[in-house]
Amino acid sequence: RILDPDDDDYTPASAKASKEVKDLWRGKLTFPDQVSDIRVSADWLSGAHVGQVFRRLGIISIDIGRTIEKDRMTSYLAQLAGSSSRVKVVLAFSAPAGDAEALANYNKLYAYLNEGNLMGVVPITGSIANERLIREVYVLPLPAGQMPDASLLPPFSATPTENRLYMCLIVDKKVLERLLS
């Protein structure tokens, strides 16, 4: 689930967002069955620029609730490209440099998803669900040296040189336009 200000453990100082493409968001990424509290930052890659929205919603944690086979999601996400009501936003996660524990947990989650050909599914709850902006959230791995499937992630200008986790948000276009106006 995506934690928000209505959750009991919300602390505004723990969430950071900016309008910059790099380091758009900082918080934690969790998957209770595998890892917990991985400190991460997220860089914007494509789609609507959601920095302002992340700040407004006060998102502090991205919590994976379950997994789904990546192959099953590929065709579904490809269909969204032509959607008149939804837009795909992609962010790239990274663990803080020099934080050995965060990096080890990041790599553990990456390996679990990648080796199982899985994507993490993040339940939308609380005031985030009430906003009706973020409709779906997926966390997916991409190995170093591999270009992404265009239905999952945007084409990169260069082949990735490290294993990365990405977050794909499916957002409602009309709600996004209203929030950004």
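Because the structure is predicted, anything quoted here is derived from the model rather than measured.

K.L.:
I'd like to hear about the nonpolar core, residue by residue, with values.
P.N.:
Of all hydrophobic cores here, the largest spans 39 residues; its most connected members are Leu29 and Phe93. Listed by contribution, the elements that provide at least two residues to this core are strand 3 (25-31), strand 4 (35-46), helix 1 (51-57), strand 7 (86-94), helix 3 (100-115), strand 9 (134-142), strand 10 (164-172) and helix 5 (173-180). Considering every element that reaches this core, the biggest residue donor is helix 3, with five residues. The contact partners of Phe93, leaving out residues within four places of it in the chain, are Trp25, Leu29, Val40, Ser41, Ala42, Ile62, Tyr106, Val139, Arg164, Leu165, Tyr166 and Met167.

K.L.:
Which residues make up the pairing of strand 8 (residues 118-121), and what are the values?
P.N.:
Of the two faces of strand 8, the one carrying Leu118 and Gly120 and the one carrying Met119 and Val121 are both buried. Where strand 6 (residues 66-69) lies against strand 8, four bridges are found, and the strand directions are antiparallel. What sits directly across from Ile68, in strand 8, is Met119. Across two bridges, the pairing between strand 8 and strand 9 is antiparallel.

K.L.:
Pulling in residues and values, what's your account of the side chain of Thr74?
P.N.:
Along the chain, Thr74 falls in helix 2 (residues 70-79). Taking the relative accessible area as the measure of exposure, Thr74 reaches 18% and is therefore buried. Setting aside residues no more than four positions away along its own chain, Thr74 makes contact with Asp149, Ser151 and Leu152.

K.L.:
How would you explain helix 5 if you had to name every residue and give the values?
P.N.:
Within helix 5, the full set of buried residues consists of Val175, Leu176 and Leu179. With its buried residues spanning 100 degrees around the axis, helix 5 presents them on a single face. Facing away from the buried surface of helix 5 by more than 90 degrees, the exposed residues are Lys174, Glu177 and Arg178. Of the surrounding elements, those touching the buried residues of helix 5 are helix 1, strand 7, helix 4 (126-131) and strand 10. Where helix 5 begins, the capping side chain belongs to Asp172, and its oxygen is found 3.0 Å from the backbone nitrogen of Lys174.

What counts and what doesn't
- Residues numbered from 1 in each chain as written.
- Predicted model: local features only at pLDDT ≥ 70, side-chain atom pairs only at ≥ 80, totals over all residues.
- Heavy atoms only, no water.
- Core = buried A, V, L, I, M, F, W, Y, C linked by side-chain atoms within 4.5 Å.
- Buried < 20%, exposed > 50% of the residue type's maximum accessible area, 1.4 Å probe, protein only.
- Helix = DSSP H or I, 4+ residues; strand = E, 2+ residues; numbered from the N terminus.
- Contact = heavy atoms within 4.5 Å.
- Pairing = 2+ DSSP bridges.
- Arc of directions from axis to C-beta.
- Polar contact = N/O pair within 3.5 Å; in protein donor to acceptor, adjacent residues only side chain to side chain.

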